[in-house]
Amino acid sequence: MKNKFYITTPIYYPSNKLHIGHAYTTVLNDVYARFRRMQGYETYFLTGADEHGLKIEENAKKANMTPQQFVDKQVEGFKKLWDLLQITNDDFIRTSEKRHHETVQHIFDNMIKRGDVYLGEYEGYYCVHEESFWTATQVGEDKLCPECKRPVQKASEETYFFKTDKYLDRLLNHMEKHPKFLTPISRKNEMINTFIKPGLEDLSVSRTSFTWGIPVKANPKHVTYVWLDALTNYISALGYSSNHEELFQKFWADENSEIIHVVGADITRFHAIYWPMFLMSEGIRLPDRIFVHGLLMMKDSKMSKSRGNVVDPVPLVKRYGVDALRYYLVRETVFGSDGQFTPEQFVERINVDLANDFGNLLHRSVSMINKYYDGIVPQYKGDITPFDKELRELAEQTVKDYEAQLGDLKITEAFISVFKLISATNKYIDNTEPWNLKKNGEDEKLASVMNHLANALYVAAILLQPVLVEAPSKLFDQLGVEEDLRDYKHVYKFGVLGGQKVNKGQPLFPRLNVEDEVEYIKSLMGDN
Ligand code: MSP
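Our subject in this report is the structure included herewith. Since the model is a prediction, treat every value here as computed from it, not as a measurement.

The sheet built from four strands is open, its strands ordered β5-β4-β6-β8 with antiparallel pairing. Edge positions in the sheet fall to β5 (132-134) and β8 (203-204), since each of these pairs with one other strand and no more.

Below is the structure:
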């Protein structure tokens, strides 16, 4: 079992403002990082910005700025968004930083020295938007980028090529031997069938047509291809090849560290094929997992600024709170599959899961403990009513399922498990009918029911902490949970609560008016 974790998001292009598709990737990474930290593991969580390339150079020109000024401004916006979403990244790497340049130049030099790259002539078609070269077959008769369908430009330039055939067998072997290396499994098949089987060409890894990039030391009229540049962020941020390699040694070189790259389906190819080859060339071990998530769609097509169908996460957080958006992103779409954002489903998720099932359960429990026991949670005395055992066992099982699921990046499934416990706790109230126990003077049973209720809610709230960053502590305040009992280690033993003084508080999630809110969210959709 690994005992350290290094998790990364892709680094985002600062060409546009970020939308909820980007927030999706970062929030799910954050949930995982918080989970591992909560368990007590050393965890390093990285995000950043991918700042070079022709598109940025062009956008900066349009904005009348230097590329550096342009990316500085954009990155400010990124950081504000991550603060708003309470993202707990340990570092923010920018590819325009010196530390990054040095690592990239070091690697490129080594590639030349080892004979892994060679100078040649590239003839093909270039898509500025995707920063990708395509062959004549790929762009077809219409000469459109196969990825984004924009017109491509014919390009021919001197370039360094990376020899892919040198490492291909090793890569295939590695994929074969490590079934978790690239998941979901369908992504692995897709990579093999779409890119490897038809014949993988050598990859052009330098450009001479623009200057906003990292110069190749041995031949400075070349700048490093943005993808070789960008992928290297995962190790430059850890100080690889610098005088301070401590983080690299700890979170990458050490086999006890689990290295996880989370990427969107559109960039799998770079992470699953080329990045491992670059690492092999450099003699560095490969990441343990490349986890590919699906894309959030709107109106049946990928959310993208240029298509004018993006949703800005900022007003959603301002109106509904950080927990509502984080929960929606985690829960609505199974991590690994594609999903579709609709205002109706967004409002419904908050109302049903958060306001009704979770928030209202707390409200009912606190009210009953107030009414029947003067606000003091009765002591745990084992299972008394016929329904107690079932609830306790479910809570215990939920902890196990949750750990196994989250640990395996089945993030949505893990929170479905927690909400099953919450639903079962609601049902437990219906089954035990505390009001009748009171009426019939069955005090022992009533006390047990109040205790089980408080303890089940406590377990759920502890487990929800990686996704809900505000509500659990409010819940603990209302249930009177002391500070030291808020630690994750207590979750394994059912029945830790008893004797606390509950405090009536505000509803955790006020119920939303569906019609009004759907209308509001619709007004945010579009090209904003
Ligand atoms: N800069 C590259 C990544 C380099 S990593 C070494 C890049 N940047 S990006 O800003 O275009 O996209 C970053 C991530 O956001 C990608 O994983 C992409 O899949 C994800 N998403 C962009 N739009 C998305 C959705 N609509 N839905 C889900 N994820 C989305 O690619």
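From this point on, the discussion continues.
In this section: the pattern of salt bridges. Side-chain pairing between opposite charges can occur once the charged atoms of the two side chains come close. The final tally for this structure, using the stated rule, is 30 salt bridges. Among the ionic pairs, lysine 221 bridges to glutamate 158, the shortest N-O distance being 3.4 Å. In this pair, lysine 221 sits in the loop between β9 (206-207) and β10 (223-224) while glutamate 158 sits in strand β6 (residues 153-162), placing the two residues 63 residues apart along the sequence. When the shortest N-O distance is used, the salt bridge between aspartate 408 and lysine 180 registers 2.9 Å. Placement of the pair is aspartate 408 in the loop between α15 (388-407) and α16 (411-432) and lysine 180 in the loop between α6 (165-177) and β7 (182-183), with a sequence separation of 228 residues. Overall, the relative accessible area of 16% leaves aspartate 408 in the buried class.

Turning to the packing of aromatic side chains, a few remarks are in order. Under the defined criterion, the tally for this structure stands at 33 aromatic pairs. A ring pair is formed by phenylalanine 162 and phenylalanine 278, whose centres lie 5.1 Å apart and whose planes are at 85°; its orientation type is edge-to-face. Here the residue phenylalanine 162 occupies a position in strand β6, and phenylalanine 278 occupies one in helix α11 (residues 268-282), the gap between them amounting to 116 residues. For phenylalanine 278, a relative accessible area of 2% gives the class buried. For the pair tyrosine 402 and phenylalanine 415, a centre-to-centre distance of 5.8 Å together with 90° between the ring planes defines the contact as edge-to-face. With tyrosine 402 in helix α15 and phenylalanine 415 in helix α16, the pair connects residues that are 13 residues apart, well separated along the chain.

Volume-wise, the second largest pocket comes out at about 280 Å³. Going through the elements one at a time, α3 (67-84) and α12 (313-320) are the ones with two or more residues in the lining of the second largest pocket. When residues of the lining of the second largest pocket are assigned to their parent elements, the largest contribution, seven residues, is made by α3. A class-by-class count of the residues in the lining of the second largest pocket yields five nonpolar, three polar and five charged.

Parameters at a glance
- Residues numbered from 1 in each chain as written.
- Predicted model: local features only at pLDDT ≥ 70, side-chain atom pairs only at ≥ 80, totals over all residues.
- Heavy atoms only, no water.
- Pairing = 2+ DSSP bridges.
- Helix = DSSP H or I, 4+ residues; strand = E, 2+ residues; numbered from the N terminus.
- Salt bridge = Lys/Arg side-chain N within 4 Å of Asp/Glu carboxyl O.
- Buried < 20%, exposed > 50% of the residue type's maximum accessible area, 1.4 Å probe, protein only.
- Phe/Tyr/Trp six-rings, centres within 6.5 Å; stacked < 30°, edge-to-face > 60°.
- 1 Å grid on protein atoms, 1.4 Å probe; cavity = no way out; pocket = protein on both sides within 12 Å on 5 of 7 lines; lining within 4 Å.
- Points joined across faces, edges and corners; volume = space filled by probe spheres on them.
- Nonpolar A, V, L, I, M, F, W, Y, C, P; charged D, E, K, R; others polar.

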